[in-house]
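One letter stands for each residue in the lines below.
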Amino acid sequence: MGEHEAGKRTVMRVLSGEAVSPPPAWMMRQAGRYLPEYRETRAEAGSFLDLCYSPDFAVEVTLQPIRRFGFEASILFSDILVVPHALGQDVRFVEGEGPRLDPLEGRAEFDRLRQAGDPAIFSHLAPVFETVRRLRAELPPETTLLGFCGAPWTVASYMIGGRGTPDLAPARALAEADPALVDELIDRLVRVQTEYLVRQLEAGADAVQIFESHAGTLPSVAPGTDALARWSFEPIARMIAGIREKIPGAKVIVFCRGSGLEGHARVVPETGADAVGVDWSVDLKALREAVPDTTVTQGNVHPETLIAGGAALDAAVDAVLAATRGLPHIFNLGHGITPQTPVAHVERMLARLRGA
């Protein structure tokens, strides 16, 4: 990547603290079922994991929203659960129900996982790095390429429970009954996923995002303690420090869904992240007033507002622009785009944003 090409990537400029008007845009899950071309490729690929592990298919679906909408950033098409899969846990995706894993209920299941230094882990993940290399070669020079992984607590919660549950009861129960085991699992995920993101960056990703999708469950784990710090921010901070040991200056976005206004305000100072992804439940204006002007934010249009479209969507775009005017911000949703979203509404949102 030449310095001239990197200099044109507006998302990277914002991640370095520059306020850009209008702000650059991308969407979480922008390669997804709301796009007819994605549905066609998904049917051709077979299983969802086949789609993730095939560079041909993964590159194609990653490029589809860039071709259609010209987003300023493209995020690698994969899934946070390829890491437990690489660790040796059985992972499958059930149509209409989502991911299923063989639950990690205690020490016996944990001891069957691969150790952090096992070369089989990254042999398993080699197709992901090939996808990143090919994407950087095929994306427009001005488009930022984002890699990603799940945060240790979020990935651990799936590994323990075997599926996503509204309150993550299995993960919370194990954290309370055997916190040392959960600490060991978190530590292994920190080590593996730090290297996973380093390798994505080495393969051509410009920056990476860490998804803490289940932060909202943490306050109810070990009441009376700062569970958000122990299980989320501290492991993420270790990951970011580890990434920068190998790649100085690496840019990292942290999305900590459900952590509230206070939690969002803590993300950058406590993890060392370059930007905080803001979920739809947080008042973006209030957050911007609560953090230094130098803080880079990302988000937070409600995915349901994008489904609704019309005047409500226009107002949401305008509210984000008003809250972040003159400040470093990346336009995005407050969670992933949903399959029922009309393509025309995405076009309207971007037209409103780019016409500002």
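Residues numbered from 1 in each chain as written. Predicted model: local features only at pLDDT ≥ 70, side-chain atom pairs only at ≥ 80, totals over all residues. Heavy atoms only, no water.

A closer look at the overall build of the protein
Here is step 1: Each helix and strand in the protein was counted, giving 18 helices and nine strands.
Here is step 2: Relative to the compact-globule value of 21 Å for 356 residues, the protein shows a C-alpha radius of gyration of 19 Å, a close match.
Here is step 3: In terms of overall dimensions, the protein has a C-alpha envelope of 55 × 50 × 40 Å along the principal axes.
Here is step 4: Residues classed as buried in the protein amount to 58% of the 356 residues present.
Here is step 5: Taking the intrachain contacts of the protein between residues at least 6 apart in sequence as the baseline, contacts between residues at least 24 apart amount to 72%.
Here is step 6: Here the protein has roughly 13900 Å² of accessible surface; of this, 51% comes from carbon and sulfur atoms.
Here is step 7: Averaging the locations of the 35 positively and 46 negatively charged side chains of the protein gives two centres separated by 2 Å. (Helix = DSSP H or I, 4+ residues; strand = E, 2+ residues; numbered from the N terminus. Rg over C-alpha atoms; globule rule 2.2 N^0.38 Å. Buried < 20%, exposed > 50% of the residue type's maximum accessible area, 1.4 Å probe, protein only. Contact = heavy atoms within 4.5 Å. Areas by Shrake-Rupley, 256 points an atom, 1.4 Å probe, with all protein chains shown as cover. Lys, Arg positive; Asp, Glu negative; His and termini not counted. Charge placed at Lys NZ, Arg CZ, Asp CG, Glu CD.)

A look at the layout of surface pockets
Here is step 1: The volume enclosed by the largest pocket comes to roughly 1500 Å³.
Here is step 2: Lining the largest pocket are 46 residues, with Arg29, Arg33, Phe48, Asp79 and Phe93 sitting closest to its centre.
Here is step 3: Elements represented by at least two residues in the lining of the largest pocket include exactly helix 3 (36-45), strand 2 (91-94), strand 3 (98-101) and helix 10 (152-161).
Here is step 4: Looking at the lining of the largest pocket residue by residue, the classes come out as 20 nonpolar, 16 polar and ten charged. (1 Å grid on protein atoms, 1.4 Å probe; cavity = no way out; pocket = protein on both sides within 12 Å on 5 of 7 lines; lining within 4 Å. Points joined across faces, edges and corners; volume = space filled by probe spheres on them. Nonpolar A, V, L, I, M, F, W, Y, C, P; charged D, E, K, R; others polar.)

Let's talk about the UniProt feature "binding site: substrate" (unreviewed entry) in the protein
Here is step 1: What UniProt calls "binding site: substrate" (unreviewed entry) maps, in this numbering, to Arg29, Gln30, Ala31, Gly32, Arg33, Asp79, Tyr158, Ser213 and His335. Sequence-wise these annotated residues cover 307 residues; spatially they are dispersed, their C-alpha atoms as much as 22.6 Å apart. Considered against the largest pocket, the annotated residues that line it turn out to be Arg29, Gln30, Ala31, Gly32, Arg33, Asp79, Tyr158, Ser213 and His335.
Here is step 2: When neighbours within four sequence positions are excluded, Gln30 is seen to be in contact with Leu35, Pro65, Ile66, Phe71, Ala73, Ser74, Ile75 and Ile337. (UniProt positions renumbered as here; feature names shortened; annotations may be inferred.)

A few points about the pattern of salt bridges
Here is step 1: Under the counting rule described, the total for this entry stands at 24 salt bridges.
Here is step 2: With its nearest N and O atoms 2.8 Å apart, the salt bridge here joins Asp206 to Arg136. In this pair, Asp206 sits in the loop between helix 12 (179-203) and strand 5 (207-212) while Arg136 sits in helix 9 (residues 126-138), placing the two residues 70 residues apart along the sequence.
Here is step 3: Accessibility expressed as a relative area gives 14% for Arg136, which makes it buried.
Here is step 4: When salt bridges with common partners are traced through the structure, they connect Asp314, Asp318, Arg348 and Arg352 into a single cluster. (Salt bridge = Lys/Arg side-chain N within 4 Å of Asp/Glu carboxyl O.)

Brief notes about the packing of helix 13 (residues 227-246) against helix 14 (residues 260-271)
Here is step 1: Close contact between helix 13 and helix 14 brings their axes to 9 Å; oriented N to C, the two are set at 40°. Classified by the angle their axes make, helix 13 and helix 14 are oblique. Helix 14 is crossed by helix 13, and the crossing has right-handed handedness. On helix 14, the residues touching Leu228, Ala229, Phe233, Ile236, Ala237 and Ile240 of helix 13 are Gly263, Arg266, Val267, Glu270 and Thr271. (Axes fitted to C-alpha atoms, helices over the stretch in contact; angles between N-to-C directions. Parallel < 35°, antiparallel > 145°, perpendicular 65-115°, else oblique. Left-handed = near helix turned anticlockwise from the far one by under 90°.)

Considering the environment of Phe211
Here is step 1: Looking at the secondary structure, you find Phe211 in strand 5.
Here is step 2: If sequence neighbours within four positions are ignored, Phe211 has contacts with Met28, Ile75, Phe148, Cys149, Gly150, Ala151, Thr154 and Phe255.

Some thoughts on the UniProt feature "domain: Uroporphyrinogen decarboxylase (URO-D)" (unreviewed entry) in the protein
Here is step 1: The UniProt record marks residues 24-33 with the feature "domain: Uroporphyrinogen decarboxylase (URO-D)" (unreviewed entry), using the residue numbering of this structure.
Here is step 2: Secondary structure across residues 24-33 divides into 0% helix and 0% strand, with the first and last C-alpha atoms of the span separated by 23 Å.

Concerning unusual backbone geometry
Here is step 1: The omega torsion of the bond from Ser21 to Pro22 falls at -10°, within 30 degrees of zero and hence cis.
Here is step 2: Structurally, Pro22 is set in the loop between helix 2 (10-15) and helix 3.
Here is step 3: The omega torsion of the bond from Gly299 to Asn300 falls at 5°, within 30 degrees of zero and hence cis.
Here is step 4: Phi at Arg29 takes a positive value of approximately 60°, unusual for a residue other than glycine.

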